[in-house]
Amino acid sequence: MSLIHSETLVVNCLRCSWVDPFKFHCSKLSIVLSRFVISAMAEERRQKQCSVVLPTESMKAMAESVGVGQLQEDSCVALSEEVSYRIKEIAQDALKFMHHGKRRKLTTSDIDNALKLKNVEPLYGFQSQEFIPFRFASGGGRELHFYEEKEVDLSDIINTPLPRVPLDVSLKAHWLSIEGVQPSIPENPPPASKEQQKTESTEPLKVVKPGQEEKGTIQGKGQSTTTPDGKGKEKGLIRLKPRSTHELSVEQQLYYKEITEACVGSCEAKRAEALQSIATDPGLYQMLPRFSTFISEGVRVNVVQNNLALLIYLMRMVKALMDNPTLYLEKYLHELIPAVVTCIVSKQLCLRPDVDNHWALRDFAARLMAQSCKTFSTTTNNIQSRVTKTLTKSLFDDKTQWTTRYGCIAGLAELGADVIKTLILPRLTVEGARIKAVMEGPVVSNIDKIGAEHVQTLLLKHCASVIAKIRPQPDNVEQYRAEYGYLGPMLCSHVVKARTQATLQAQQVNRTTLTITQPRPTLSVSQSGLTGSGGPRTPSIIKVPSSLTLMSPRPGTPSQPSPPATKYIVMGTSAGAASTQQVRVI
Amino acid sequence: MNFKKAGLDSCPLTLGSTDQSEGSILRSRWFPFFNFAHAQFIFKMAAVQGGMVDAKDELDIKSEPPSDGFGNSNANDGRLLSSSPGAGTGGTATGNNKPAPGPPEEQQTLLAVLQFLKKSKLAESAEILRREAGLPEDALDPKGTDASGSGPGLAAGSGQVDGVDASSLLSRVTVSSSAAAQAPKKDSSLAACFYSLSASPAAAGEDQPDVSVVLSAYSQQGDPSLYDAYYSGLKRFIESVLDCHRAELSQLFYPLFVHMYLELVYNNNESVAKAFFEKFSGDQECYYEQDLRILSSLTKKEHMKGNETLLDFRTSKFVLRISRDSYQLLKRHLQERQNNQIWNIIQEHLYIDIFDGMPRSKSQIDAMSGSLAGEARREANKAKVFYGLLKEPEIELPLDDEDEEAENEEGKPKKKKPKKDSMGSKSKKQDPNAPLQTRIPLPELKDSDKLDKIMYMKESTKRIRLGSDNLPSICFYTFLNAYQGLTAVDVTDDSSLIAGGFADSTVRVWSVTPKKLRKVKSAADLNLIDKESDDVLERIMDEKTASELKILYGHSGPVYGISFSPDRNYLLSSSEDGTIRLWSLQTFTCLVGYKGHNYPVWDTQFSPYGYYFVSGGHDRVARLWATDHYQPLRIFAGHLADITCTRFHPNSNYVATGSSDRTIRLWDVLNGNCVRIFTGHKGPIHALAFSPNGKFLASGATDGRVLLWDIGHGLMVGELKGHTDTIYSLRFSRDGEILASGSMDNTVRLWDAMKAFDDLETDDFTAATGHIHLQDNSQELLLGTYMTKSTPVLHLHFTRRNLLLAAGAYNP
């Protein structure tokens, strides 16, 4: 209930002198009274009982603020009761308008209309839909909700550009159901909601497969909505369980083929579109196992062949899958995580380790790893601790290659400041010594040197910000050297830089509104020369808008029946095959 | 509520004004223009006729035994329930609406009515009327008719085309009274046989002096401190009785609780009342929660004035259905205990409908209770309802060229012909349950209507036969960027146009076929076209205005109800501003604004045959209108709270209204009587749908349940549970096999209506007692659930070929 309007209400209650005996006081009190109503309303929400009235102190306080020194206790009581009653009455009426407006949210206009019903002039000007412009303040033992009226410079308003005109209402048609089956198109909700997928993977016995429910017989249909508790239903569910292998429809198979080909193909534009589709389309749930296998197999083969580009593409696919808000990947992590970890720590990921930028792939994969740890790690699967253990183990191993070492550190560092603090900072001296050995030592291969350099920058980058937070100022170079060895001095300068940056940012935050831009993991292949990727993804998809998905200004009757899942053009001959599911032209 | 705006005497209720040209209007192709002029004329008329006649529907008087017409304002008649205090229907003499025998026209009407009454040997009614009107004893002699000679002069002055003299008036009266038996003559105007009922009862009910009369019944009756003891005593007793009686007697808790509380409040025992409420409100059934909340806020005597809910409790007796055994048990207990307080309340404020036989079970009671004023009395649902369909006019179905060719090619033309014949013969048979074809005068079919009928029949041959194994396809029309402002949707019968009512007071009409919406040319341009040419209908259209969307501006508040006329020439919209507007879909302008409701009009709908329409709103009355009359033909009063939705029966003889008082009423258009009251919903009703065969009614409410009703027997026959939020739309498929329901919970659900109605066992016993046994088979009847993407389903519509169209606004 919008508190804004309580003010309106009170003012109106009083204006039309429902409270006859106190009319005199009221006219003066009304404005202040309103402010207190708001606090009372807040209280009212807390209490369950409906017979709540505004506190009489409110009336007193208001009286004082408009100069009515001594308001009698009786008047206060009568006033507060009257006002609370009227407010409730109007709220009841406003609810009616909400119901008829087919909304779930009560708006200010509902209350305006309710006031009109009572022959009361509504208070105009409270149009804000979402934002409630009341501020709270307390002091002197009182709590206040007040309307913050800022002075506005007229020239500011005149000079600011006009806001964008809201879009006009338009009508759009799509198939909600075709002969009883709901097509998985973006206009429809995903067949299995993320929550459903989640419960399915955590409590596999308790759910009906959404795909089956959709295709299955009419019998089991109601069960998906209700939690099965009856014995008979339980039985049915157990019977349903083994049918978990499902076949993809022709359209889905074609889609899968197209998408996977585009993802690993040579055309970057197509790939971007395919990835976009994976990241946004709602109906991919059924294809998830296949995608997962595709990725894990792909990584296995391409690591052996040192095909960096393909590995990058596959990782981008993982990213897209994780980005899809309708998918819950938990069940497929056993395939995806090994693939990702491989891309982080593998000794060799490319044919020319001295030239190709496989480091970027490691960084990217590390971020994916961290993301999946954050999303899926639970006390039962312990993903994060298992991953941490694996990475630390090879990090502590002296024989580990620089590439793997880099991956381990990157993987750990992405897991967060705590991990850095407990696992990497203590290692700084050791790693520093190792780097020193390579950098200043006599004969080293070029590859080792590059590796050492990368590890060094990585360590500096991640550790500096953490140290800046946990170490008190001042930053003394000697202290750093004593504590962190070879890397100490460099670390010190980095920390100083990090500190200044932090203060700068803090100032900015104070000045302007808070905008947190999270660095999104992006991956670009440079050096390798194979492809130039990572550019901004074009939002366009190879969408073949059928008459239904087409967003036309004119809402045409979907006369051309289109098969449910053929949102993507399937080149050449496949179009015929795609429309196996014919719809009667109606 | 403040009714100063709509004071009693300004509630204009006249006899339908005769307008001989009405028939021609209906036939006229130029209806929109003519109508516009007509509307203006009507407004002029309204200005001229200052004091309106307080029309007494003589049918009304006749239908009641005189003894009932007097002291008992809570007469059994459903209509009288709320029309109670001093509404003047049957002449309850509260004296505040004595019409002064003022304008001659008014007097003349009265005289006509009196004369009729005298003729029909209804001396007593005539006497009442005479006294009410304050006419002299001798006013009834024949010179009364002569005296009314001044009438025509006034009428002519106001531009009336034909002379209205007393005799024609009288003839009208006679015609209308016998309309049930015989068909009104064609030449008498369609609406002439309609009379409005009495003054708006809602208005009367809220009038201040009456409120105090009503409330005075709550004057001091006992020691306030003992109420608690009384109530808990009764509670103990009911809890101790045998199980079979307990459920029945538990029904007493709620009404007793409410009345005791109100008595306490009325007698200024605020603290006692509060304590009483606190102590016992928790015991009440959960579905009364809303009313309890209102009640709880009411703690002062001053608040009682003008509180609608309270008035409902007081003015209408709460109806309970209890078996004789249980009732005896209760009576004995109360007499033993000398518990006069409770006994008085039962006597005064409750109506106990006693039946013989087994006490009902808890589930049976729960199924039927929940309304604001208890269950419907059994006799309220006894009236005969002609639920059958009207005979379709016989129209030659010209064989389609394509069809013929196809048949010739296939070489079996014989196969198709018998099929058509059978269809024809089916419509020729008269349904025994159908009303007389002329029971309600219906507009004649125009040529264009016939063409449309032919189209309809052609389409229906291509209709898909739906069933549990053949579900319909659903096409969803999403309103994008509506910003929560979409409040009503309607689709034309042929599914070519969609209209939306919006919170910003606009009405938008879309064409969903390639045919764009065009306006008729301006008058000057129309003069230029060749009126003899064959394609004159094409030529009058202004190509320049062609577009998919037309916006109609005119309302000054959210548009809550919208309805296309069956011929697609008009659109009705009802709004928060209290008006109903008739729009022309030829010129896309407003033709008439029908005023009368004064408060938000929640719903309106055209009759399936056009011409008439019904509206219902916050003022608790539903009104029946004809498009060419600026005043309602009927006022259906009786609901105890807002009328939230209105639907015409397929045969146009009945109107169903759903209300916030959680009841559904069925009204007879002919005489304005309430013929059915359906109770059982636990929340305001927001959707109604008649089955295509007219036998059943489906209703949906905020409680998320769909209830099915047998109109003929007046029984609840099914309950469909599944929705989790308010149901805003219900629709039967064209053949009635499937019921589709759309809800705020973003789903469309399909139910097996065939099955729901097939295994009905309406034996005589059930019909006689009204006891129902509902099986809980919602899950079996549910054929499908289709989620939308956060789009509440506001409207459903089956195309003529049984494709389901759904519409709603996307709420991101």
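Note that the coordinates shown come from a computational prediction; the quantities given were computed from them, not determined experimentally. Each residue is numbered by its place in its chain's sequence as written, counting from 1. Ligands are numbered from 1 and chains lettered from A, in the order in which they are written. Given that this is a predicted model, residues contribute local features only at a pLDDT of at least 70 and side-chain atom pairs are listed and counted only at 80 or more, while totals for whole chains, interfaces and linings are drawn from all residues. In computing side-chain values, all of the structure's heavy atoms are included and hydrogens and water are not.

Let us look at the overall build of chain B. For helices the rule is a DSSP run of H or I covering at least 4 residues; for strands it is a run of E covering at least 2, with both sets numbered from the N terminus onward. When helices and strands are counted, chain B shows 30 helices and 31 strands. In chain B, buried positions account for 61% of the 812 residues. Method for areas: the Shrake-Rupley scheme with a 1.4 Å probe, in which residue coverage is limited to the protein chains shown. When the accessible surface of chain B is totalled, it reaches about 31500 Å², and 52% of it is carbon and sulfur. We call a residue buried when its accessible area falls under 20% of the maximum for its residue type, exposed when it is over 50%, and partly exposed in between, using a 1.4 Å probe and counting protein chains only.

Turning our attention to the packing of aromatic side chains. Side-chain rings of Phe, Tyr and Trp (the six-membered ring for Trp) are treated as a pair once their centres are within 6.5 Å; stacked means planes under 30 degrees apart, edge-to-face means over 60, and tilted covers the remaining angles. Here the structure, examined in full by the defined rule, presents 31 aromatic pairs over all chains. Ring geometry for Phe257 of chain B and Phe277 of chain B: centres 5.6 Å apart, planes at 45°, overall tilted. Residue Phe257 of chain B is found in helix α15 (residues 253–266), and its partner Phe277 of chain B is found in helix α16 (residues 270–280); the two are separated by 20 residues along the sequence. The residues Phe257 of chain B and Phe277 of chain B share a single accessibility class, namely buried. Three or more aromatic residues joined by ring pairs form one cluster here, namely Tyr231, Phe253, Phe257, Tyr261, Phe276, Phe277 and Phe280 of chain B. Here the basic side chain of Arg405 of chain A rests over the ring of Trp402 of chain A, its NZ or CZ set 5.9 Å away from the ring centre. Two conditions define a charge sitting above a ring: the NZ of Lys or the CZ of Arg must be within 6 Å of the ring centre, and it must be within 35 degrees of the ring normal.

Here we take up the side chain of His629 of chain B. Along the chain, the position of His629 of chain B falls in the loop between β16 (621–626) and β17 (634–637). Here a polar contact is recorded for every N or O atom pair within 3.5 Å, except that within protein the pair must consist of a potential hydrogen donor and a potential acceptor, and residues adjacent in sequence are included only if both atoms are side-chain atoms. A polar contact is formed between the side chain of His629 of chain B and the side chain of Asp628 of chain B, at a distance of 3.0 Å.

In this section: the interface of chain A and chain B. Contact between two residues is taken to exist if any of their heavy atoms lie within 4.5 Å; hydrogens are not considered. With 57 residues of chain A at the contact, the number on the chain B side is 72 residues. Buried area is understood as the total, over both parts, of accessible area removed when two parts are fitted together, assessed with a 1.4 Å probe. Interface of chain A and chain B: buried area, both sides summed, is about 6000 Å²; carbon and sulfur atoms make up 56% of it. For salt bridges, the criterion is a side-chain nitrogen of Lys or Arg within 4 Å of an Asp or Glu carboxyl oxygen. Taken together, the links from chain A to chain B amount to four salt bridges. The partner of Arg508 of chain B in a salt bridge is Asp168 of chain A, with the nearest N and O atoms 3.1 Å apart. The tally of links between chain A and chain B comes to 16 residue pairs in polar contact (both at pLDDT 80 or more). Of all the elements in the fold, those that place two or more residues in the side of chain A that touches chain B are α4 (73–100), α5 (108–117) and β3 (170–177) of chain A. The biggest single contributor to the side of chain A that touches chain B is α4 of chain A, with eleven residues. Paired strands, as defined in this entry, are two strands with at least two bridges between them according to DSSP. As paired strands, β3 of chain A and strand β3 (residues 474–480) of chain B are joined by seven bridges and run antiparallel to one another. Within β3 of chain B, the position partnered with His174 of chain A by the bridge is Phe476 of chain B.

Moving on, we get to the pattern of salt bridges. Applying the stated criterion to the full structure yields 50 salt bridges over all chains. With a shortest N-O distance of 2.7 Å, Asp735 of chain B and Arg463 of chain B are connected by a salt bridge. One end of the pair, Asp735 of chain B, is in the loop between β26 (727–732) and β27 (738–743); the other, Arg463 of chain B, is in the loop between α25 (447–461) and β3, and 272 residues separate them in sequence. You can call Asp735 of chain B partly exposed: its relative accessible area is 32%. By relative accessible area, which is 17% here, Arg463 of chain B ends up buried. Residues joined by salt bridges that share partners form a network here, namely Glu82, Arg86, Glu89, Asp93, Lys96 and Lys118 of chain A together with Asp642 of chain B.

Overall, mixed pairing links the four strands, which are arranged β3(A)-β3(B)-β31(B)-β30(B) in an open sheet. Two strands bound the open sheet, and with one partner strand each, they are β3 of chain A together with β30 (795–798) of chain B. When strand polarity is set aside, the average angle formed by the axes of neighbouring strands in this sheet is 20°. To get an axis, fit a line to the C-alpha atoms, keeping to the stretch in contact for a helix; angles then go from 0 to 180 degrees between the N-to-C directions.

Residue and element names in this part refer to chain B. Burial analysis of strand β6 (residues 507–511) places five of its five residues in the buried class, which makes it a mostly covered element. Burial along β6 is two-sided: Val507, Val509 and Ser511 facing one way and Arg508 and Trp510 facing the other are all buried. Counting the residues that bridge the hairpin from strand β5 (residues 497–502) to β6 gives four residues, and of these Ser505 lies at a positive phi of roughly 75°.

Here we take up the packing of helix α10 (residues 250–264) of chain A against helix α11 (residues 268–280) of chain A. All names here are of chain A. Close contact between α10 and α11 brings their axes to 8 Å; oriented N to C, the two are set at 130°. Taken together, the axes of α10 and α11 lie oblique to each other. By crossing handedness, the relation of α10 to α11 is classed as left-handed. Each of Tyr255, Ile259, Ala262, Cys263 and Val264 in α10 lies in contact with α11, whose residues at this interface are Lys270, Arg271, Ala274, Leu275, Ser277 and Ile278. Think of it as three bins: nonpolar holds Ala, Val, Leu, Ile, Met, Phe, Trp, Tyr, Cys and Pro, charged holds Asp, Glu, Lys and Arg, and polar takes everything else, Gly as well. A breakdown of the residues in the contact of α10 with α11 according to their chemical character gives eight nonpolar, one polar and two charged. These descriptions rest on fixed angle ranges, namely under 35 degrees for roughly parallel, over 145 for roughly antiparallel, 65 to 115 for roughly perpendicular, and the rest for oblique. It is the rotation of the near helix from the far one that decides the hand of a crossing: anticlockwise by less than a right angle makes it left-handed, clockwise makes it right-handed.

Feature annotation in UniProt assigns "repeat: WD" (unreviewed entry) to the following positions: residues 479–520, 552–587, 594–625, 636–677, 678–711 and 720–752 of chain B. Between the C-alpha atoms that bound residues 678–711 of chain B the distance is 9 Å, and the span itself is 0% helix and 56% strand. UniProt positions are given in the numbering used here, feature names are shortened, and annotations may be inferred rather than shown by experiment.

A few words on the pairing of strand β1 (residues 318–323) of chain B. The buried count for β1 of chain B comes to six of six residues, which makes it a mostly enclosed element. Side chains Phe318, Leu320 and Ile322 of chain B project from β1 of chain B onto one buried face, and the interleaved Val319, Arg321 and Ser323 of chain B project onto a second face that is buried too.

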